[in-house]
Each structure stands twice: as structure tokens, then as C-alpha cells.
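# Secondary and tertiary structure notes
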Amino acid sequence: MTRRIPSILVAAAALVGGAALLGTPAAQAGNGVVTAYTLVTPTSVSKTKLQVRAVIPAGINCPNLVVKKGNGSTMSLSMKMRSPGVTTGAAFASTRACKANIPKINAGITSARVGPVSVPFSLPARYDKIVMLGDTGCRVDDGTTPDIQDCSKTSGTNPADYWPLSRNSVAIAKEKPDLTVFTGDFFYREDACPTAFEARCGGSPPPIDSFRFNDTDYGWMADVFIPMAPLFEAAPILAVRGNHEQCDRGGNGWFLFFEVSTALGPDACAPPTLGGATVPNISPSWAFDAPITNGRSLRIVAVDSAYGRNFDITSWVDTQRPQYEAAQQLSTAKQGRESWLLAHRPMFGVEPIEEAATGLLPYTSIDQTAASYGLLGNYQMIIGSHVHVSQVVKVPNLPVQMVVGNGGSKPDIASESSYQIPAYGPLAKADGTALSPSYTPYGKPSYLWTKVKYGYTVMKPGSKAKQWTAIQRDYTGKTFATCSLVKKDMTCTNSG
Ligand SMILES: [Fe+2]
Ligand SMILES: [Fe+2]
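Bear in mind the structure is a predicted one, so any value in this text is a computation, not a measurement.

Here the focus is the sheet that holds strand β7 (residues 109-114). In space, the four strands of this open sheet follow the order β4-β3-β7-β8, with antiparallel pairing throughout. At either end of the open sheet lies a strand with only one pairing partner, and these are β4 (74-78) and β8 (117-118). Where strand β3 (residues 64-69) and β4 come together, five bridges link them in antiparallel fashion. Within β4, the position partnered with K68 by the bridge is T74.

This is the structure we're talking about:
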């Protein structure tokens, strides 16, 4: 695959600067393509499991996906428009998305591009390296106490004082992964940058004040498409939806740009009326197979866990549970199959002790823990993010929980000593009694490892079945810990 700096860095910078610049030569040199990338889809959506997306200015036609075949000839496929819901109004008025599946070609494919942007076009026959990252956007939260990450700096020491996503993205591209897994939470620019914080987030595209959702197409440019361009060019991406992609937050961009199911369209999060409230939704669970060796295959089962509460049980459990039942079906035990559950909200995440509400334990996300109760036996491991750290939690007799939430969004609490094994297991209250009579609490974790360090995780299969190494790297690509997964257990060793 050819590698070069995509035109997005030029064209999208112009886009963020203002819609008036869209007609400039910089944008038109790429036939209007602002950026393009390749999503992993269910096989029911694309036979090759790959679908290319392009982001273009509104008002022009979709470009072609141009594929070069192994025999030297070229194939041009017209891309189909994905339009945001009309009730997203001015928030998504400036861009459209386009889609086309990577075709199955006997002679193979040697390159694929949309306009000037090269896109990933293949998945390997055997997987050696899967990179995972999540929780990536720059936090701009103008609450009672403003919580403002410094979006203007890409390196530093205090996690709140920089946003390393672009560097993380370059480091991941250098890994040349077979596949990138995104664990959820792209969108963090949920408020206008307060005047007092202009040195940190000035110029950050704000939401539209009167709308009851938080994202805009310019916000997605700033939080996702510009900083993640190197990563998107390097490998296909398998993404799950985070709570920051709830319909009342960044959901419109999620459905326009990243949703791969056909059950819910690009307008699935648009409010019923302009300026009205959005309606919660949930996209169907699906599975992806990654062959490792002859007779050994990884199955990643993706569940939409955008909604639900962190620390307690609500009626959302009833809406969520069918998706874990479907996931259980998808992960039915089979000779040679190793299944991982991929859901943004962890079943057994440990938040800092300071975050626990009165009378509750700091486990997250308890609505998901309840919704998946009794349905986790098929998995070797559960992958989530949501807590902005790198974490491993082992609850007895259950698959190990890995949290990959250190992609760039600032952690609530940066001190590692705040992440401790709670006195009782998940689904218990702070006094040890059950949160609900419907669920006997799980046992107290036997293992907790947490690192507060921006970066990503590289998964490499070991030589034996159900053995993997999870290499924890910082945003410069330097290894800071190595974790070993054997069957349903994982332990980590810090380096340096
Ligand atoms: Fe997050
Ligand atoms: Fe989250």
C-alpha cells in the first residue's frame, strides 16, 4: 500500500476554517474529497467485510472509488451518498458522506483510492497484529466547573495539558497493523470553548446552542478526521459506538460517518423535529472473524453500549439485554474459535475511588454489567474503554476485562493510586449488599492493573490457542507495559 500525507490535512484545515473556503483550489484539487477511510463491516453488508467511506462538501456528487486490480487494470465504482437527517439543520449542512464496498476481485487488488486519498483495501488471510484504541477526542466541557483539555498541545506531562491524538495516530500508522479496533468515544467537543480558556481550545468548532445534540460536521473534523488521518490511511477500522456517540451527544456524526449496520441509517440519530429532543437507539450486535492460523480464529463480537448508567441499574437493562443475547449466539463455542466481546462500556471497569457516588462502588458500567448478566461465558476476554486509562480487571470465574481508553481524551483522575480494587464485587453496593435482588453480586476482583498514560494497545497472537500478548505503547510508540493473556486471565508487567 502506498503511504503519503493525505490531502485532508490541507483540505480539512480549510473546512474547519469556514464553509466559504470549501470552493478553494485546495479542496478542489482532490475532486472535493475531504477525507476517506475504510470501515470493517458485517459480511451481510460487504462480502469483503470492507466498505470505503468518503467525506465530501455538501452540494457536490459522490466521487468514484478507484481500485487497481492485480492484472493491472483499473475499476471505477460509484460511491453512494449518505445524507444526515434534515433535522440536523446547520449542524451537518456542510458535509456529506459517501460509501462503496471494496469488491471481491479474483486477481486481487493492489491499491484503492478516492480522489487523491489512498484507502486500505484488504484484510489479511492471517492476522499478526491488531491495534486497539479508544476515547480519543479533546474534552471541551463548559460545565459548572469547566473541564477543558488543552487541545492546542500534542505533548506534555500532565494529561489535562495536552491532546496527543495526532501523534498517537502516527505511532499507530507506523505499526502497520492488520486491523485497527476503535473502542468508542470519538467526540468530546461538546461545548463552545469558554473565553477564559481560549489559549487551550480557541477555535474549537462549537455545537449549535439551541440544538439538543452536541456534534457538528466541523466538530468531527477537529476531533476525528484531522488528527486520525494517518491512522485511517494505515488499516481498516472496526469501530464501536461510545456513550459520547449517544444521539443527544455525537450520535449524528456516528451514524453519518461510522455506523456499518443497515438496520439504522445515516439519519438514525436526527431528532424528530428541528431543535427537538433526540430518541435513544441501539444498533444490532455483529461479529467479525480474524483467522490466526489453520484451525484457529478470533471472533470479535461488537455490541452497541452507548446508553445506560455508570454506577447503578436502570430500566435501560431491558432494552440492552437482547443485544447481549444476540452476542452470546454469535459467540457460540466452536472448535478453534476464540471470542472477544467488544463493547465501549466495560462490564467490569474500575473508576477512581473519587468518582463513586454515595453508597455505590466505583465499577462501570453497571447497566451493562446487569444487561449482560449470565451471558458472558463464551468469551475469552471483554474489551472496552470508557475509563480514560489502560486497565485490566479480573473478576473470578469470568473473562478478563481489558479497558483501552487512553487514546487521547483526558482522564477524570490522573493519579494511579485512585484506581483500587473495591471492597466488594460488581453489582454490589458499597456495603456489600446486592444493588438489585435480580442479580447476585459477582466476586471481588482478584487482579487490577491500571496505567494512566496516553497511547494504544497492540494485540499479537501467541503460538498456542488462547494465548495473546497485549503490548501497551504510549503515543510515541514506546512500550510501557506488556500484558499476557492466557485463556481467560491476563497479567501485566510495567517496563521502565
Ligand atoms: Fe470516554
Ligand atoms: Fe465513554
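A few words now on helix α8 (residues 316-330). Look at α8: 22 Å from first C-alpha to last across 15 residues, which is about the 21 Å you get at 1.5 Å a residue. Among the residues of α8, those classed as buried are V317, Q320, Q323, Y324, A327 and Q328. Where the residues of α8 are buried, they touch β15 (296-303), β16 (337-343) and α9 (366-371).

Put simply, T364 and S365 share a cis peptide bond, and its omega is 0°. Structurally, S365 can be placed in the loop between β18 (363-364) and α9. Phi at L427 is positive, roughly 80°, even though this residue is not glycine. Mapped onto the fold, L427 is located in the loop between β21 (400-404) and β22 (447-451).

Time to look at the domain arrangement of the chain. Parsing the chain into structural domains produces domain 1 (1-122) and domain 2 (126-494). Put simply, the middle of domain 1 and the middle of domain 2, counted by C-alpha atoms, are 26 Å apart. Listed as interface residues are 36 residues of domain 1 and, on the opposing side, 35 residues of domain 2. Elements that contribute at least two residues to the side of domain 1 that touches domain 2 include exactly α1 (8-17), β1 (35-40), β2 (50-57) and β6 (95-101). Among the residues forming the side of domain 1 that touches domain 2, the class breakdown is 20 nonpolar, twelve polar and four charged.

This brings us to the nonpolar core. Core analysis: the largest hydrophobic core is formed by 138 residues, its most contacted members being A54, L341, L342 and M402. Counting residues per element, this core draws most heavily on helix α5 (residues 217-225), which supplies six residues.

Mapped onto the secondary structure, T88 falls in the loop between β5 (80-82) and β6. Note on T88: 25 C-beta atoms within 10 Å, which makes it buried. A sequence separation of 164 residues divides T88 from N252, and the C-alpha atoms of the two residues are 7.7 Å apart. Aside from chain neighbours lying at most four places away, what touches T88 is N252 and A270.

Scoring rules and cut-offs
Residues numbered from 1 in each chain as written. Chains lettered and ligands numbered in written order. Predicted model: local features only at pLDDT ≥ 70, side-chain atom pairs only at ≥ 80, totals over all residues. Pairing = 2+ DSSP bridges. Helix = DSSP H or I, 4+ residues; strand = E, 2+ residues; numbered from the N terminus. Expected span 1.5 Å × (residues − 1). Buried ≥ 20, exposed ≤ 12 C-beta atoms within 10 Å, placed from the backbone. Contact = placed C-beta atoms within 7 Å. Domains from an automatic or database assignment. Nonpolar A, V, L, I, M, F, W, Y, C, P; charged D, E, K, R; others polar. Core = buried A, V, L, I, M, F, W, Y, C linked by C-beta atoms within 7 Å.

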